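# Architecture at a glance
Here is how the chains run, residue by residue.
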Amino acid sequence: MNQTIEQLLHECPYKVHLFVKDAKTEHYYISQLEDDTFSSASIIKVPILLAVLDHVECHALSLDETIIITPENRVDFSVITEQHLETSTLYELLVWMIITSDNTATNVLIDYIGMDALNAYFRRIGLKQTTLQRKMMDFVRLASGFDNMTTARDMAHLFTRIYRQDLLTPSFSVLAIDILSRQRVHESLKRYLVEGVHIAHKTGGLDTVDHDVGIVYNDANDYIIGVFVTEVTNNNDAQQLIGRISKVVYEQLVKQKGALQ
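In short, a report on the structure. Computed from a predicted structure; not experimentally measured.

### Quick word on unusual backbone geometry
Its identity is not glycine, yet Leu-33 carries a phi of approximately 50 degrees, on the positive side. Following the sequence through the fold, Leu-33 ends up in the loop between β2 (28-32) and β3 (38-39). Taking relative accessible area as the criterion, Leu-33 reaches 31% and is therefore assigned partly exposed. In this structure, Met-137 takes a positive phi of about 65 degrees despite not being glycine. Along the polypeptide, Met-137 turns up in the loop between α6 (115-124) and α7 (139-143).

And the structure:
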């Protein structure tokens, strides 16, 4: 597996940060550039999801709470914006933020919790280099040098805790995994997997980055995989690379291990 992946990386013109680890232990099958920071794109929405659920739990709130959608938080290419919604429940905002990577929903939730409070939560749960510095589609702030950042190691830590369900109450832990499992964007980790694979994951992409990270549930060996491609000049090529790496890992850790059991 490692040799095949190393060959794929050798042939790749982009910078690739990645990890594959056992979901139940701290064992890494492979890792590369795990501590280098990079633009998170939409994978920053996963810790935001957890932070909102934690806030609801801690303050005994309801996911049915209705939130006002202000004009300044509306952006294009959003299910919320398309529907011309003026309000939405917390639950709907959380679901759209993850399953279609809705940026309007994300911006509303950032305001709901507050950027400083979100970053404080990230630190509290052990994310050492994951930082929220701008809202979605805020290209003015991005041009000023403020971007949302993370590392492969932080994402490995985050998804391990999601898998172990030790960040939230049992019901909210199950809800977080359920929402991640309903992801509708499948151009990367699931791209070349023909089986009905259960993955709780989140993608992220900008013109120069493509990411996908998640938990692969299976009968042979649950594992967590994250592939984060930066310095991208062709997004489709980057997504194909993530798909190829994912298929190599799946065939080694699931199909071959399953055949031996």
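### What to know about the pattern of salt bridges
Within the structure shown, the criterion is met by ten salt bridges. Of the charged contacts in the structure, one is a salt bridge between Asp-111 and Lys-135, with a shortest N-O distance of 2.8 Å. In this pair, Asp-111 is assigned in helix α5 (residues 103-113) and Lys-135 in the loop between α6 and α7, connecting sequence segments 24 residues apart. Here the salt bridges share partners, and the residues they tie into one network are Glu-34, Asp-35 and Arg-153.

### Description of the pairing of strand β8 (residues 209-217)
Of all nine residues in β8, nine are buried, a share of seventy percent or more. Sheet topology places strand β7 (residues 198-206) next to β8; nine bridges connect them, and they run antiparallel. Opposite Leu-206, over in β8, you have Val-209 as the bridge partner. Count of turn residues in the β7/β8 antiparallel hairpin: two residues. As paired strands, β8 and strand β9 (residues 223-230) are joined by seven bridges and run antiparallel to one another. Bridge assignment links Ile-215 to a residue of β9, and that residue is Ile-224. Taken together, β8 and the strand that follows it, β9, pair antiparallel across an intervening segment of five residues.

### Some words on the packing of aromatic side chains
Within this structure, the stated rule accounts for four aromatic pairs. Between Phe-19 and Tyr-28 the ring centres are 6.3 Å apart and the planes differ by 70 degrees, which places this aromatic pair in the edge-to-face class. Cation over ring: Lys-21 sits above Tyr-28, and NZ or CZ is 5.8 Å from the ring centre. The cationic tip of Arg-141 hangs over the ring face of Phe-146; the distance from NZ or CZ to the ring centre is 3.9 Å.

### Regarding the sheet that holds β8
With antiparallel pairing, five strands are arranged side by side in an open sheet as β2-β1-β9-β8-β7. The two strands at the open ends of the sheet, each matched to only one other strand, are β2 and β7. The mean angle between the axes of side-by-side strands here comes to 10 degrees, regardless of whether they run parallel or antiparallel.

### So, the environment of Lys-202
Looking at where Lys-202 falls in the secondary structure, it is placed in strand β7. The class of Lys-202 is buried, set by a relative accessible area of 0%. Measuring from C-alpha to C-alpha, the distance between Lys-202 and Ser-181 comes to 8.9 Å, with 21 residues separating the pair along the chain. Excluding residues that lie within four positions of it along the chain, Lys-202 makes contacts with Ser-42, Ile-43, Lys-45, Val-46, Met-97, Ile-98, Ser-101, Leu-180, Gln-183, His-211, Asp-212 and Val-213. At 2.9 Å, the side chain of Lys-202 forms a polar contact with the side chain of Ser-101.

### A short note on the packing of helix α2 (residues 45-58) against helix α8 (residues 152-164)
Put simply, α2 and α8 touch, their axes get as near as 11 Å, and they point 45 degrees apart. Classified by the angle between their axes, α2 and α8 sit oblique to one another. Considering only the axes of α2 and α8, their crossing is left-handed. Every residue of α8 that contacts α2 at Val-46, Pro-47 and Leu-50 is listed here: Leu-158, Phe-159 and Ile-162.

### Observations regarding the nonpolar core
Ranked by internal contacts, the top residues of the largest apolar core, which has 57 residues, are Ile-48, Leu-49, Leu-53, Leu-158, Phe-159 and Ile-162. With eight residues, α2 is the largest single contributor of residues to this core. Those residues within four positions of Leu-49 in sequence are excluded, and the remaining contacts are Leu-94, Met-97, Ile-98, Ala-176, Ile-179 and Leu-180.

### Some details on the environment of Ala-120
Positionally, Ala-120 belongs in helix α6. Judged by its relative accessible area of 45%, Ala-120 falls in the partly exposed class. For the pair Ala-120 and Ala-51, spaced 69 residues apart in sequence, the C-alpha separation works out to 9.6 Å.

About the thresholds
- Residues numbered from 1 in each chain as written.
- Predicted model: local features only at pLDDT ≥ 70, side-chain atom pairs only at ≥ 80, totals over all residues.
- Heavy atoms only, no water.
- Helix = DSSP H or I, 4+ residues; strand = E, 2+ residues; numbered from the N terminus.
- Buried < 20%, exposed > 50% of the residue type's maximum accessible area, 1.4 Å probe, protein only.
- Salt bridge = Lys/Arg side-chain N within 4 Å of Asp/Glu carboxyl O.
- Pairing = 2+ DSSP bridges.
- Phe/Tyr/Trp six-rings, centres within 6.5 Å; stacked < 30°, edge-to-face > 60°.
- Lys NZ or Arg CZ within 6 Å of the ring centre and 35° of its normal.
- Axes fitted to C-alpha atoms, helices over the stretch in contact; angles between N-to-C directions.
- Contact = heavy atoms within 4.5 Å.
- Polar contact = N/O pair within 3.5 Å; in protein donor to acceptor, adjacent residues only side chain to side chain.
- Parallel < 35°, antiparallel > 145°, perpendicular 65-115°, else oblique.
- Left-handed = near helix turned anticlockwise from the far one by under 90°.
- Core = buried A, V, L, I, M, F, W, Y, C linked by side-chain atoms within 4.5 Å.

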